[in-house]
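Working through the structure, step by step
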Protein chains: 2
Amino acid sequence: MRITALAGGIGGARFLRGLRAALTPEDRITVIGNTGDDIHLYGLKVCPDLDTVMYTLGGGIHEEQGWGRTDETWSVKEEMKAYGVGPEWFGLGDRDFATHIVRTQMLAAGYPLSAVTEALCDRWQPGVRLLPMSDDRVETHVRITDADGPRVVHFQEYWVRLHAAVEAEAIVAVGAESAKPAPGVLEAIAEADLVLLPPSNPVVSIGTILTVPGIREAVAAATAPVVGLSPIVGGAPVRGMADKVLAAVGVETSAAAVARHYGARRDGGLLDGWLVDTSDAAAVDEVATAGIACRAVPLLMSSVEATAEMARAALALAAEVGK
Amino acid sequence: MRITALAGGIGGARFLRGLRAALTPEDRITVIGNTGDDIHLYGLKVCPDLDTVMYTLGGGIHEEQGWGRTDETWSVKEEMKAYGVGPEWFGLGDRDFATHIVRTQMLAAGYPLSAVTEALCDRWQPGVRLLPMSDDRVETHVRITDADGPRVVHFQEYWVRLHAAVEAEAIVAVGAESAKPAPGVLEAIAEADLVLLPPSNPVVSIGTILTVPGIREAVAAATAPVVGLSPIVGGAPVRGMADKVLAAVGVETSAAAVARHYGARRDGGLLDGWLVDTSDAAAVDEVATAGIACRAVPLLMSSVEATAEMARAALALAAEVGK
């Protein structure tokens, strides 16, 4: 079975780990990773979502934190502070720095990000084929108004520095309109037996991937069923601050509203099936009415096995809607 | 008093620390640092000699090792090995990496190396004005013949990887002929009350600085006395492998031969005065005969105070020849 999943960072990576556990070694998973939260720091190209997927599936993730490396040290960051070189608000450990140094060196040598990602994964052996959504630079920016007046900040500044505490007035994936899907991305969607939208952020993770021209169209036109899992449980994001960015695109923070935001395939949208948490069982009928097959199952990724069970539910729903 | 010193790495840095201790806070030291052993590693610009001077005078040096940082950690290098990215033979610790990351970022932003060095020194406060010999890229390469046949290797590969164990057939400062002295270098030599050649390597440290067009001429034409200290004691380098590179330029490994290599100012050379170690007292007459005032004093930099005493001897000799 060939499965293609779109994925952001922590939520996506944890789901993928469960998915892999639910499958056999013969199954093939391709992950199309969000690169909209990429940022240049200290002259280095940092790809937080790709790395979170790579580290999580490769066994190098800081488990409790959800991002960054296990057994991390922080000497470089200490020195940066001593040099007065920021930003201080972004956490890059020494081991993580090494990844960014290798990536930046390869990019400077002319390799596209997809080739660099493949080379990094040669070490981590994540058990999936990890593709960046695009080899072109796309960076998500957020329009806000705070004490400094109206301004546009990089997504990481909004998310990590400001903790999404101010209203996101608009979210723009800078560079997306002229970006091309990375090699293999459209093929992975077209040739998949199943396309999955994990419980990643529907706006700044999966939403950003879908802004790359051709990707949304490919998902909408996929011959395989497309099944998603709600990142909203009981009216709030399970993790992160998805509610802040959902508001910016005029979407209510509810499992049903996110499903309608993705839309039903029969109406030109993306979804054939949608899983909501058991606590949102009341939303099942509403989603079904919108033309999306919906089931309520436990959606808390409290362990790899619990997550694998979510993946099995997605596979079961796909089998049902794919008939 | 304004003193300008040319300097390489460990030997030069330790001498400068003694020199600073021998002077008053009103005295001004300008150091013209060798950048011929600079190397690009992992896409980062590494300046080993500038950093050794900066760390040594700024209190950040690994004292026993002579290079690199105290309290160093090695996570980045471990990760590089895990990624299969070399070279493994060059020791860059995490704290050191931070310096190279900041430097590379500033260079990429368009700052010349001299401005970058000044910015880095803002943190370290080395108590001297540290200038790179040039803002232009100059890298020393060594021609060797080994099991891989005749080939040219970067100086660092020759020195650090091969431990200078094969014969250096030729030494070339690539880029030197079209390099310009960094801003302030020629002025610092012309306006000095004393020019010092510390016991740095006469070929690949001071020799390389002198290959930058204009610098040798400026030293030869300086109004101030020029005094040097022998890096060769008892027919061998005090530290390092200067004998290997002296042979490549046809110079015997002796305190007198190095003095003759620099040459007497009366003959268009560089030196007014030369200090040799007490164990080389027999060389004093030979050097004097070559037109260079020479004294034998203890030249082992066993402590800052012992080194300060060497500096005082150099100041005394300068006062004598400057009359």
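Description of the structure in this document. (Residues numbered from 1 in each chain as written. Chains lettered and ligands numbered in written order. Predicted model: local features only at pLDDT ≥ 70, side-chain atom pairs only at ≥ 80, totals over all residues. Heavy atoms only, no water.)

**Side note on the overall build of chain A**
- Counting secondary structure elements, chain A contains 13 helices and 14 strands.
- Radius of gyration (C-alpha) of chain A: 19 Å, near the 20 Å computed for a compact globule of 323 residues.
- In terms of overall dimensions, chain A has C-alpha extents of about 60 × 50 × 40 Å along its principal axes.
- Buried positions account for 59% of the 323 residues belonging to chain A.
- Taking the contacts inside chain A whose residues are at least 6 apart along the sequence as the reference set, 69% of them involve residues at least 24 apart.
- In the form shown here, chain A has an accessible surface area of approximately 12,300 Å², with 52% of it arising from carbon and sulfur atoms. (Helix = DSSP H or I, 4+ residues; strand = E, 2+ residues; numbered from the N terminus. Rg over C-alpha atoms; globule rule 2.2 N^0.38 Å. Buried < 20%, exposed > 50% of the residue type's maximum accessible area, 1.4 Å probe, protein only. Contact = heavy atoms within 4.5 Å. Areas by Shrake-Rupley, 256 points an atom, 1.4 Å probe, with all protein chains shown as cover.)

**Remarks on helix 5 (residues 113-124) of chain A**
- Between the first and last C-alpha of helix 5 of chain A there are 16 Å, a value that for 12 residues agrees with the 16 Å anticipated at 1.5 Å per step.
- Residues of helix 5 of chain A that are buried make contact with helix 2 (48-58), helix 4 (94-108) and strand 5 (129-132) of chain A together with helix 3 (75-83) of chain B.
- With its phi angle positive at about 45 degrees, Gln125 of chain A sits one or two positions after the end of helix 5 of chain A. (Expected span 1.5 Å × (residues − 1).)

**Section: the sheet that holds strand 5 (residues 129-132) of chain B**
Residues and elements named next belong to chain B.
- Here 7 strands make up an open sheet; going across it, the order is 5-2-1-9-10-13-14 and the pairing parallel. Looking along the sheet, the strands with just one partner apiece sit at the ends: strand 5 and strand 14 (293-296). Across the sheet, the mean angle separating the axes of adjacent strands is 20 degrees when strand polarity is ignored.
- Pairing of strand 1 (residues 2-7) with strand 2 (residues 28-33), which is carried by 6 bridges, proceeds in the parallel orientation. (Pairing = 2+ DSSP bridges. Axes fitted to C-alpha atoms, helices over the stretch in contact; angles between N-to-C directions.)

**So, the interface of chain A and chain B**
- Listed per partner, the contact involves 26 residues of chain A and 26 residues of chain B.
- In total, chain A and chain B occlude about 2,200 Å² of area from one another, counting both sides; carbon and sulfur atoms represent 61% of this.
- For the chain A face of the interface with chain B, the top three residues by lost area are Glu79, Tyr83 and Arg123 of chain A, together amounting to 30%.
- The interface formed by chain A and chain B holds 8 salt bridges in total.
- Notably, a salt bridge pairs Glu79 of chain B with Arg95 of chain A, separated by 2.9 Å at the nearest N-O pair.
- There are 14 residue pairs in polar contact (both at pLDDT 80 or more) connecting chain A and chain B.
- Residue assignment for the side of chain A that touches chain B shows that the elements contributing at least two residues are helix 2, helix 3 (75-83), helix 4 and helix 5 of chain A.
- It is helix 4 of chain A that contributes the most residues to the side of chain A that touches chain B, 8 residues altogether. (Buried area = accessible area lost by both parts, 1.4 Å probe. Salt bridge = Lys/Arg side-chain N within 4 Å of Asp/Glu carboxyl O. Polar contact = N/O pair within 3.5 Å; in protein donor to acceptor, adjacent residues only side chain to side chain.)

**Looking at the packing of aromatic side chains**
- Under the criterion given, the structure shown has 10 aromatic pairs over all chains.
- Against the face of Tyr83 of chain B rests Arg123 of chain A, its NZ or CZ located 4.6 Å from the ring centre.
- Across the ring face of Tyr55 of chain B, the terminal group of Arg69 of chain B is positioned such that the distance to the ring centre comes to 5.4 Å. (Phe/Tyr/Trp six-rings, centres within 6.5 Å; stacked < 30°, edge-to-face > 60°. Lys NZ or Arg CZ within 6 Å of the ring centre and 35° of its normal.)

**Details of the relation of the copies chain A and chain B**
- In the superposition of chain A on chain B (RMSD 0.0 Å, axial shift 0.0 Å), the rotation amounts to 180 degrees. Expressed as a symmetry operation, the mapping of one chain copy onto the other fits a two-fold axis. Of the C-alpha atoms belonging to chain A, the one lying closest to the rotation axis is found on Asp94 of chain A, 3.3 Å away.
- A shared interface surface links the copies, since 100% of the contact residues of chain A are contact residues in chain B too. (Least-squares fit on C-alpha atoms with pLDDT ≥ 70 in both.)

**What about the packing of helix 5 of chain A against helix 3 of chain B?**
- In contact at an axis separation of 9 Å, helix 5 of chain A and helix 3 of chain B are set at 95 degrees when each is read in the N-to-C sense. Judged by the angle between their axes, helix 5 of chain A and helix 3 of chain B are roughly perpendicular. Residue-level contacts link Leu120, Arg123 and Trp124 of chain A of helix 5 of chain A to Glu79, Ala82 and Tyr83 of chain B of helix 3 of chain B. (Parallel < 35°, antiparallel > 145°, perpendicular 65-115°, else oblique.)

**Overview of the pairing of strand 9 (residues 194-197) of chain B**
Residue and element names in this part refer to chain B.
- Residue alternation in strand 9 divides its side chains into two sets, Leu194 and Leu196 and Val195 and Leu197, and both sets are buried.
- Alignment of strand 1 against strand 9, held across 3 bridges, turns out to be parallel. Opposite Ala5, over in strand 9, you have Leu196 as the bridge partner.
- As defined by bridge partners, strand 9 adjoins strand 10 (residues 226-229) across 3 bridges and the pair is classed as parallel. Following the sheet pairing, Leu197 is matched in strand 10 by Gly228.

**Considerations on the packing of helix 4 of chain A against helix 3 of chain B**
- Two elements in contact, helix 4 of chain A and helix 3 of chain B, have axes whose closest approach is 8 Å; the angle formed by their N-to-C orientations is 50 degrees. The angle between the axes of helix 4 of chain A and helix 3 of chain B places the two elements in the oblique class. Once helix 4 of chain A is placed against helix 3 of chain B, the crossing between them reads as right-handed. For the pair helix 4 of chain A and helix 3 of chain B, contact is made by Asp94, Arg95, Ala98, Thr99, Ile101 and Val102 of chain A and by Ser75, Val76, Glu78, Glu79, Met80 and Tyr83 of chain B, respectively.
- Across the contact of helix 4 of chain A with helix 3 of chain B, the residue classes break down as 6 nonpolar, 2 polar and 4 charged. (Left-handed = near helix turned anticlockwise from the far one by under 90°. Nonpolar A, V, L, I, M, F, W, Y, C, P; charged D, E, K, R; others polar.)

**Considering the pattern of salt bridges**
- For the coordinates displayed, the defined rule picks out 44 salt bridges over all chains.
- Between Glu309 of chain A and Arg312 of chain A there is a salt bridge, with the nearest N and O atoms lying 2.7 Å from each other. With a gap of 3 residues between them, Glu309 of chain A and Arg312 of chain A both fall in helix 13 (residues 304-321), about one helical turn apart.
- Classification of Glu309 of chain A by relative accessible area gives partly exposed; the value is 45%.
- Overall, Arg312 of chain A belongs to the partly exposed group, its relative accessible area being 30%.
- Within the structure, one salt-bridge network assembled from shared partners comprises Arg69, Arg95 and Arg123 of chain A together with Glu78 and Glu79 of chain B.

**Comments concerning the environment of Ala176 of chain B**
All names here are of chain B.
- Looking at where Ala176 falls in the secondary structure, it is placed in the loop between strand 8 (170-174) and helix 7 (185-190).
- For Ala176, a relative accessible area of 3% corresponds to the buried category.
- A C-alpha to C-alpha distance of 5.3 Å links Ala176 and Val212, two positions 36 residues apart in sequence.
- Among residues more than four places away in sequence, those in contact with Ala176 are Val138, Thr211, Val212 and Pro213.

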